[in-house]
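Chain by chain, the residues run as shown.
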Amino acid sequence: MIKGIAASKGYAIGTIYLHEEVEVKITAELAKDVTEEKGKLQKAVEKSKAQIAKIKEKTIETMGEEKAEVFEAHLTLLDDPEFTGAMDLEIENNSSNAMKAVDDVMNTFVTIFESMDDEYMRERAADIKDVSKRIIANIAGTSVGGFDIEEENTIVVAHDLTPSDTAQLDRSKVIAFLTNIGGRTSHSAIMARTLEIPAVVGLKDITTQVKTGDKVIVDGIEGIVILNPDEATVASYLEKKKGYEAEREELKKLIEVKTTTSAGKRIEVCGNIGKPEDVEQVLANGGDGIGLFRTEFLYMDRDDMPTEEEQYKAYKYVLEKMGEKPVVIRTLDIGGDKKLSYLPMPEEMNPFLGYRAIRLCLDRPEIFKVQLRGLLRASVYGNLKVMFPMISSLEEYNKAMDIVEECKKELKAEGKNYSEEIEWGIMVEIPAAAVNADELAKHVDFFSIGTNDLIQYTLAADRMSEKVSYLYNPMHPAVLKLIKMTIEGAHSQGKWCGMCGEMAGDEEAIPALLEYGLDEFSMSATSILPAKKKILEF
Ligand code: PEP
Ligand code: MG
C-alpha cells in the first residue's frame, strides 16, 4: 500500500498504463547559423500555438469554457515577448541552439515561480514547463504527450500530468490517474475533480514501482494505492466502490431539493467561498446561497490593496451569478493566521486575541471604506447581506454602521446607487457575543455563528495547535450552550441565525443544531449534498 495525497474522490480498480516521457537530448552545441536557429524556434512556437488552440477547443467541448482557460494562459505565454523573446535573445546573445535556449529560459522562469510564497503561483511553474516542453518537442520533431490507450479500465501513472495531458485523457478508457508529484491545487488535480475520476497525487516514486499491465486499486478518498492486490482486497474494494457510487448517485437527486425538516421547517443549505469563481461549485451542488464569502482572499497573493473598483466587480459577479439567492459577504477578516504582505502588523503575543478583523477595520477606516463602498455599489445586483467578523460588543457594530452611513452619504453625493434592502449582521464567534446575543439581536438583522473561532475562544484551545487539538471539541456542552443561546437570542427578536463555521457541515452536529433551531447552514460546496441528506432525515 502506498500513501499519497487524495486529489479527487472515488475508487478505481484497473490496469496501469505507465506514461513515459520521450527524453529529448538537449546539447550545449552552439548554433552554426543564428538566423536559422531563430527560424526553427519561431516555427516551433507557431506549431505549438496551433496544437494548443486545438486542445483548447477539445477541452471546451468536453469540460467547458472554464477548464479551457489554462490553455488560453498557455497561448498568452507563447505570445509573451518576455518569454519567447528571452529565448530569441538567448540564441542571439549566446549562440545557443534553439532547444537549449528554450530549456534555459524555462529553467529561469520555473525557478522564479517555484520560489514564490503562494502555492497557486508555484503550481503555475507546471504551465511554463508544459509549454516549453512542447516547443522543444516541436523543434526536435518528436510528439508531445499523446496517449496510446486502447484498453478500458486504464489507470494512467505518470511522473506528472500536464494540463494538456489531462485534457487528452479519454474518459471512456481512463478511470483514474496517479502521479509522483503535485498537490491538491495542481491543475491535474483540479481537472480530475472536474472529470470526476479518482486521482492520487504526490506519490513520490510510483513510476519506478509499476509497469504497464500491473493491476492496481486507487482509493481517491484516503489517498491510497494498492499494487497487485489479492482477490479478497479487490472484492472488498468493489464493494466500497459500489457503495460510494450508489451514495453519490443518490445524493445528486437532492441538488434541486429544497431542504425541509420532517417538522416542515425550511432550512437553507449554503456554500462558503473564498474566491468569486467558487460560486460555480456551490451552484452545481445545489447550494441555496452563499453563507460566507471570506473576502480577505481578495486581498491576498498580491502586492497592494484591491481597489474599490476591483472589489465592486468581484461582489457584483457573485451577486449576479447567484440571482435572487442570498449572498452573505463578510468584511475583511485579516489578522490572526491571515496576514497581508503589504500591511505591516504589530508583533503580538496572541495574534488571535489581538489586532484583527473588525478591530483593524475600525482603526483603519480608510481601508474599511474602500470595501464598504464596493459592497454598497454592488448591492443593486442581487440579494446582499453583509456581516462583520469578530464582534464582541454593540459599540463595535454601531461604529461599523456609522462608517457604512458615511459611505452611503458619499455615494449619494456622487450620484452612485446602492440598495436599501441590504441586511446587516454579525459573526458570533466570540463567547461574549453569544452570551449577549439577545441584546445584540435587537440591533442587527442576522447572526452567523463562526464556530471555528467560537470553539477556540470558549475552550481556550488554539485552533492552530496540534498539541491541544484534543480539547478543540465542537460538541463540548459549553460550546453547545453558547450556540443555543445565540440562536434563541436571534429568534427572541425575530431575527434569523445561521452558522458558517466547519461545524455546520459536520454530520454528527447537524441534528443538535436543528434541535436548537438553526435557520441556515453554510459549508464547503462538497459537503452541501451530504448535509442536505442529514437535514431531510431529521
Ligand atoms: C469561523 O471562525 O468559524 C469562521 C467561519 O471564520 P474563519 O474560519 O474565517 O475564521
Ligand atoms: Mg472566524
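Residues numbered from 1 in each chain as written. Chains lettered and ligands numbered in written order. Predicted model: local features only at pLDDT ≥ 70, side-chain atom pairs only at ≥ 80, totals over all residues. Heavy atoms only, no water.

**Student:** What should I look at first to understand the overall build of the chain in this one?
**Tutor:** Looking only at helices and strands, one finds 22 helices and 16 strands in the chain. For a compact globule of 538 residues, the expected C-alpha radius of gyration is about 24 Å, and the chain comes in at 27 Å, within 12% of that figure. For the C-alpha atoms alone, the extent of the chain along its principal axes is close to 80 × 65 × 45 Å. Within the span of the chain, comprising 538 residues, buried residues form 51% of the whole. For the chain, the share of sequence-separated contacts (at least 6 apart) that also reach a separation of at least 24 residues comes to 67%. Of the roughly 25,200 Å² that the chain leaves accessible, carbon and sulfur atoms contribute 51%. Put simply, the chain has 66 plus and 95 minus side-chain charges, and the middle of one group is 2 Å from the middle of the other. (Helix = DSSP H or I, 4+ residues; strand = E, 2+ residues; numbered from the N terminus. Rg over C-alpha atoms; globule rule 2.2 N^0.38 Å. Buried < 20%, exposed > 50% of the residue type's maximum accessible area, 1.4 Å probe, protein only. Contact = heavy atoms within 4.5 Å. Areas by Shrake-Rupley, 256 points an atom, 1.4 Å probe, with all protein chains shown as cover. Lys, Arg positive; Asp, Glu negative; His and termini not counted. Charge placed at Lys NZ, Arg CZ, Asp CG, Glu CD.)

**Student:** Please explain the state of the cysteines as it appears in this structure.
**Tutor:** Simply put, the disulfide is a covalent bond whose two ends are the sulfur atoms of two cysteines. Under the counting rule described, the total for this entry stands at zero disulfides. Unpaired in terms of disulfides, cysteine 270 finds its nearest cysteine sulfur in cysteine 500, a separation of 10 Å. No disulfide involves cysteine 361; its nearest neighbouring cysteine sulfur is the one of cysteine 407, lying 11 Å away. Judged by relative accessible area, which is 1%, cysteine 361 ranks as buried. (Disulfide = S-S within 2.5 Å.)

**Student:** I tried to follow the sheet that holds strand β13 (residues 423–428) on my own but got confused; where do I start?
**Tutor:** Sheets are built from strands paired through backbone hydrogen bonds, the pairs being either parallel or antiparallel. As summarised here, the arrangement of the eight strands in space is β9-β10-β11-β12-β13-β14-β15-β16, forming a closed barrel in which the pairing is parallel. The mean inter-strand angle of the sheet, taken between neighbouring strand axes irrespective of direction, is 25°. Against the sheet, helix α20 (residues 477–492) touches β13, β14 (446–449) and β15 (496–499), its axis set at about 165° to β14. Sheet strands touched by helix α22 (residues 528–537): β9 (268–273) and β16 (520–523). Its angle to β9, the strand with the most contacts, is close to 160°. (Pairing = 2+ DSSP bridges. Axes fitted to C-alpha atoms, helices over the stretch in contact; angles between N-to-C directions.)

**Student:** Hey, could you run me through the domain arrangement of the chain in this one?
**Tutor:** According to the domain assignment, the chain contains domain 1 (2–21 + 145–236), domain 2 (34–140) and domain 3 (264–536). Using only C-alpha atoms to locate each centre, domain 1 and domain 2 end up separated by 26 Å. (Domains from an automatic or database assignment.)

**Student:** Which parts of the structure should I look at to understand the site of ligand 1?
**Tutor:** Ligand 1 sits among 14 residues. The nearest are Arg294, Arg330, Gly450, Asn452 and Arg463. One of the side-chain nitrogen or oxygen atoms of aspartate 453 is found 3.1 Å away from an oxygen atom of ligand 1. Contact between ligand 1 and arginine 463: an oxygen atom at 2.9 Å from a side-chain N or O atom of the residue. Among the elements that make up the shell around ligand 1, the one with the highest residue count is helix α19 (residues 451–459) (three residues). Among the residues making up the shell around ligand 1, the classes are represented as three nonpolar, four polar and seven charged. (Near = heavy atom within 4 Å. Polar contact = N/O pair within 3.5 Å; in protein donor to acceptor, adjacent residues only side chain to side chain. Nonpolar A, V, L, I, M, F, W, Y, C, P; charged D, E, K, R; others polar.)

**Student:** What is the right way to read the coordination of the magnesium ion (ligand 2) from this model?
**Tutor:** Octahedral metals with six donors have ideal donor angles of 90 or 180 degrees. Tetrahedral metals with four donors have an ideal donor angle of 109.5 degrees. Here the magnesium ion (ligand 2) is held by the protein donor atoms Glu429 (OE) and Asp453 (OD), which lie 2.1 to 2.2 Å from it. Placement of the pair is glutamate 429 in the loop between β13 and α17 (431–435) and aspartate 453 in helix α19, with a sequence separation of 24 residues. With respect to class, glutamate 429 is no different from aspartate 453; both count as buried. (Donors = N, O, S within 2.8 Å, 3.2 Å for Na, K, Ca; no water.)

**Student:** I tried to follow the pattern of salt bridges on my own but got confused; where do I start?
**Tutor:** Opposite charge on two side chains lets them pair, provided their charged atoms get close. Across all of its chains, the model carries 40 salt bridges by this definition. Close ionic contact of arginine 124 with aspartate 127 constitutes a salt bridge, the shortest N to O distance being 3.1 Å. Exposure class is identical for arginine 124 and aspartate 127. Each is buried. A single network of salt bridges, built from pairs that share partners, joins Glu308, Glu309, Lys369, Arg373, Arg377, Glu406, Glu410, Glu414 and Lys416. (Salt bridge = Lys/Arg side-chain N within 4 Å of Asp/Glu carboxyl O.)

**Student:** Just checking my understanding: could you explain unusual backbone geometry for this structure?
**Tutor:** Phi is positive for serine 95, which is not a glycine, with a value near 55°. Positionally, serine 95 belongs in the loop between α3 (81–94) and α4 (98–114). For serine 95, a relative accessible area of 24% gives the class partly exposed. Positioned with a positive phi, lysine 204 is a non-glycine residue whose angle comes to about 65°. Take lysine 204: its relative accessible area is 66%, and that puts it in the exposed class.

**Student:** Hey, could you run me through the side chain of aspartate 214 in this one?
**Tutor:** In this fold, aspartate 214 is placed in the loop between α9 (206–209) and β7 (215–219). Judged by relative accessible area, aspartate 214 falls into the buried class, the value being 9%. Among the polar contacts made by the side chain of aspartate 214, one reaches the main-chain amide nitrogen of lysine 211 at a distance of 3.0 Å. Residue contacts for aspartate 214: discarding those within four places in its chain leaves Gly14, Thr15, Ile16, Gln209 and Asn228.

**Student:** Would you mind going over α3 with me for this structure?
**Tutor:** At 3.6 residues per turn, the α-helix brings residues three or four places apart onto the same side. In this model α3 runs 18 Å from its N-terminal to its C-terminal C-alpha over 14 residues, within 8% of the 20 Å that 1.5 Å per residue would give. If you check which residues of α3 are buried, you get Phe83, Thr84, Met87, Glu90 and Ile91. Between the side-chain oxygen of the N-cap and the backbone nitrogen of glutamate 82 there are 2.9 Å, and the N-cap of α3 in question is aspartate 80. (Expected span 1.5 Å × (residues − 1).)

**Student:** When you look at a negative patch on the surface in this model, what are you seeing that I'm missing?
**Tutor:** A surface patch of like charges, here negative, comprises Glu57, Glu61, Glu65, Glu66, Glu69, Glu277 and Asp278. For the negative patch, the elements supplying multiple residues, two or more each, are α1 (34–63) and α2 (65–79). Note on placement: glutamate 61 falls in helix α1. (Patch = residues over 30% accessible without salt bridge, like charges linked within 9 Å, V, L, I, M, F, W, Y side chains within 5 Å.)

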